[in-house]
Amino acid sequence: LIAEVEGDIAQYAADNPEFKGQEGTVSYVFDDGTIGAYAPGDARSRIITELGFVIPQVVIDAAGDQFYSQFSLEEIGKLDHDLLLWISYEPEAVKAIKESPLRQQLAAYTEGREVFMTEMEAGASSFSSVLSLPYLLDTLVPKLALAVDGDPSTVVE
């Protein structure tokens, strides 16, 4: 099963060569306004790195020896890269970040390079099992492709 999922990831990466080398974050937001992104070694970030994305150095440096980096909302620009992938289980936190005037100033937002995982995708990403990853890949990869297609008018749902 592991080999099958690894093969699926490799196939998705091969089918989407535009992912290779693009900087992306798997970012989170909490109800208290805390934001951040997962470091490369965390399973949530490994999914996108295995597809070809790279985690920005600012996230790596801020994480240090932890599996995540943490920023104030005023530092949201540190998450503004080729792909801004949001993961959250908390509907109020998602609503708060979507309504934030600071988020609306990000190039990832204005250029359509931002993706919000659904609750199911966020769960699948966090579990990162041979049972959850096929679902996540099937639903998330098309969104990632739309986000990095270079067309700001593309709507990522």
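Calculation notes
Residues numbered from 1 in each chain as written. Predicted model: local features only at pLDDT ≥ 70, side-chain atom pairs only at ≥ 80, totals over all residues. Heavy atoms only, no water. Helix = DSSP H or I, 4+ residues; strand = E, 2+ residues; numbered from the N terminus. Buried < 20%, exposed > 50% of the residue type's maximum accessible area, 1.4 Å probe, protein only. Phe/Tyr/Trp six-rings, centres within 6.5 Å; stacked < 30°, edge-to-face > 60°. Lys NZ or Arg CZ within 6 Å of the ring centre and 35° of its normal. Pairing = 2+ DSSP bridges. Arc of directions from axis to C-beta. Contact = heavy atoms within 4.5 Å.

Caption draft 1: Spatial organisation of unusual backbone geometry. Located in the positive-phi region is Ser128, a residue other than glycine, with phi close to 45 degrees. Its place among the elements puts Ser128 in the loop between α6 (119-127) and α7 (133-147). Residue Ser128 is classed as partly exposed on the basis of its relative accessible area of 23%.

Caption draft 2: Main features of the packing of aromatic side chains. What the rule picks out here adds up to 6 aromatic pairs. Geometrically, the ring pair formed by Phe67 and Tyr68 is edge-to-face, given 4.9 Å between the ring centres and 70 degrees between the ring planes. Given the relative accessible area of 45%, Phe67 is considered partly exposed. With a centroid separation of 6.0 Å and 15 degrees between ring planes, the pair formed by Trp86 and Phe116 is classed as stacked. You can see Trp86 sitting in strand β4 (residues 83-87) and its partner Phe116 sitting in strand β5 (residues 114-116), a full 30 residues away along the chain. Summarising the burial analysis for this pair, Trp86 and Phe116 share the class buried. One aromatic cluster in this structure is built from Tyr28, Tyr38, Phe67 and Tyr68. Positioned above the aromatic ring of Tyr38, the side-chain terminus of Arg44 is 4.0 Å from the ring centre. The ring of Phe116 has Lys98 sitting right over it, with the charged end atom 4.6 Å from the ring centre.

Caption draft 3: Molecular detail of the pairing of β4. Within β4, 5 of the 5 residues are buried, which leaves the element mostly enclosed by the surrounding structure. Across the two faces of β4 the burial is the same, with Leu83, Leu85 and Ile87 and Leu84 and Trp86 all buried. The sheet contact formed by strand β1 (residues 24-29) and β4 spans 5 bridges and is parallel. Of the residues in β4, the one forming a bridge with Gly24 is Leu83.

Caption draft 4: Representation of helix α4 (residues 91-99). Those residues of α4 lying buried are Ala93, Val94 and Ile97. Projected onto a plane normal to the axis of α4, the buried residues spread over an arc of 100 degrees and lie on a single side. Turned more than 90 degrees off the buried face of α4, the exposed positions are Pro91, Glu92 and Glu99. Its buried side turned inward, α4 meets β1, β2 (35-38), β4 and β5.

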